[in-house]
Amino acid sequence: MISVLVVEDDEVAGEAHETCTNSVAGFRVVGRVRTGQEALRFLTHTAVDLVLLDLRLPDMDGLRVSRMLRTQGSGTDVIVVTSARDLDRVRESVSSGVVQYLLKPFTFAAMRDKLRNYARFRDELSRGGAVNGQHEIDRVFATLRDNDRQELPKGMDEQTLTSVASALRESGDGASAGTVGKLAGVSRVTARRYLEYLVERDMARRSPRHGGVGRPELIYSADLDDTG
C-alpha cells in the first residue's frame, strides 16, 4: 500500500484529492494538511511514500517543501497538483525532485492515471539489481508517462470534459444530461455526449429512471469507486 500525504490549502479541493486517491487501488491517504509547515511537521514523525503537493500554499512556496525534503535526505516522492502553468515553475519542479506534474482542474481519470503510472514506476524500481542496458532504463522512466492515455474523440476537448465531470460529481447521487449540462454551462446534447464518453471509460454509470409516460430518463452518476 502506497501511503500519501495531501498538502492543499483549499479544504474542498483537499477532500476531493483524498477521495480520488483512496479510490485508486494500492493507495491510502494517511494525512491531509493545509500549509507547508504542517506538511514538514507531519513528515518528521510519519513516513510517507508520496506527497500530493499544491504549489500555492498560504505560508510558503510548495516547492520549498520538496527542496527541504531533498535536503533532509528524505526518500518521499512528490507529485505537484497545481494550477501554475508557467514553464519556469515546471522547470523548478523537476530540479527539486518532483516526479509528476498535474494541472488543475483535472478529471478523476487524470489523477488516477498519474497515480497508476507512479505505482508502476515504484514497482520497476523495487526490483533492485542492475539493468542490462539503456532500453531498460528508458522503460523504467516511460512508466511515468501517460502512454496508455486515450485521445479524446474528434470534436471533444479536455476543458469541457473537465467541466462535465466536475458537474457530475457535484450532482451527488446522479443527474440527467440536462441537469449536468446546466451545471457545466453546455447544452443537454453536448453534456450527454461527454457523459457517454465517461461511461465508456468506466468513469461514470448510466441507469434508467422510470416515472413518467414514455421512455425512461437516463440518469448518470460519477464512478469514484473505480479501483480496477
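These notes cover the structure that comes with them. (Residues numbered from 1 in each chain as written. Predicted model: local features only at pLDDT ≥ 70, side-chain atom pairs only at ≥ 80, totals over all residues. Heavy atoms only, no water.)

### Structural notes on the pattern of salt bridges
Link 1 in the chain: Within the structure shown, the criterion is met by 13 salt bridges.
Link 2 in the chain: The shortest N-O distance in the salt bridge between arginine 32 and glutamate 18 comes to 2.7 Å. Of this pair, arginine 32 sits in strand β2 (residues 27–33) while glutamate 18 sits in helix α1 (residues 11–22), placing them 14 residues apart in sequence.
Link 3 in the chain: A salt bridge links arginine 89 to aspartate 61; the nearest nitrogen and oxygen atoms lie 2.8 Å apart. Placement of arginine 89 in helix α4 (residues 87–95) and of aspartate 61 in the loop between β3 (50–53) and α3 (62–71) is noted, with a sequence separation of 28 residues between them.
Link 4 in the chain: Arginine 89 gets classed as buried once you look at its relative accessible area, which sits at 17%.
Link 5 in the chain: Through salt bridges with shared partners, a single network forms among Glu11, Glu18, Arg32 and Arg34. (Salt bridge = Lys/Arg side-chain N within 4 Å of Asp/Glu carboxyl O. Helix = DSSP H or I, 4+ residues; strand = E, 2+ residues; numbered from the N terminus. Buried < 20%, exposed > 50% of the residue type's maximum accessible area, 1.4 Å probe, protein only.)

### Quick notes on the packing of helix α7 (residues 158–170) against helix α8 (residues 177–184)
Link 1 in the chain: At a minimum axis distance of 8 Å, the contact between α7 and α8 shows a crossing angle of 115°. In this structure, α7 crosses over α8, and the sense of that crossing is right-handed. Contacts between α7 and α8 involve Ser163, Val164, Ala167 and Leu168 from the first element and Val180, Leu183 and Ala184 from the second.
Link 2 in the chain: Here the residues of the contact of α7 with α8 are counted per class, giving six nonpolar, one polar and no charged. (Axes fitted to C-alpha atoms, helices over the stretch in contact; angles between N-to-C directions. Left-handed = near helix turned anticlockwise from the far one by under 90°. Contact = heavy atoms within 4.5 Å. Nonpolar A, V, L, I, M, F, W, Y, C, P; charged D, E, K, R; others polar.)

### Here's the deal with the pairing of strand β1 (residues 2–7)
Link 1 in the chain: Extensive coverage of β1 is indicated by the burial of six of its six residues.
Link 2 in the chain: Across the two faces of β1 the burial is the same, with Ile2, Val4 and Val6 and Ser3, Leu5 and Val7 all buried.
Link 3 in the chain: As judged from the six bridges shared by β1 and β2, these two strands associate in the parallel manner. Each residue of the ladder has a partner; that of leucine 5, found in β2, is glycine 31.
Link 4 in the chain: For β1 and β3, the ladder comprises four bridges, and the chain directions are parallel. Within β3, the residue paired with valine 4 across the bridge is leucine 50. (Pairing = 2+ DSSP bridges.)

### Observations concerning the environment of leucine 50
Link 1 in the chain: The topology assignment puts leucine 50 in strand β3.
Link 2 in the chain: Its relative accessible area of 0% is what places leucine 50 among the buried residues.
Link 3 in the chain: With near-sequence residues (within four places) excluded, leucine 50 lies in contact with Ile2, Ser3, Val4, Leu5, Phe27, Thr76, Asp77, Val78, Ile79, Leu115 and Tyr118.

### Some points on the sheet that holds β3
Picture the strands of a sheet paired through backbone hydrogen bonds; they go either parallel or antiparallel.
Link 1 in the chain: In space, the five strands of this open sheet follow the order β2-β1-β3-β4-β5, with parallel pairing throughout. Two strands bound the open sheet, and with one partner strand each, they are β2 and β5 (98–103). Mean inter-strand twist for the sheet, computed between neighbouring axes without regard to direction, equals 20°.
Link 2 in the chain: In this structure, strand β4 (residues 77–82) lies alongside β5, joined through five bridges in parallel fashion. From the neighbouring strand, threonine 82 faces β5, where its bridge partner is leucine 103.
Link 3 in the chain: In the packing of α4 onto the sheet, the strands contacted are β4 and β5, and the crossing angle to β5 comes to about 150°.

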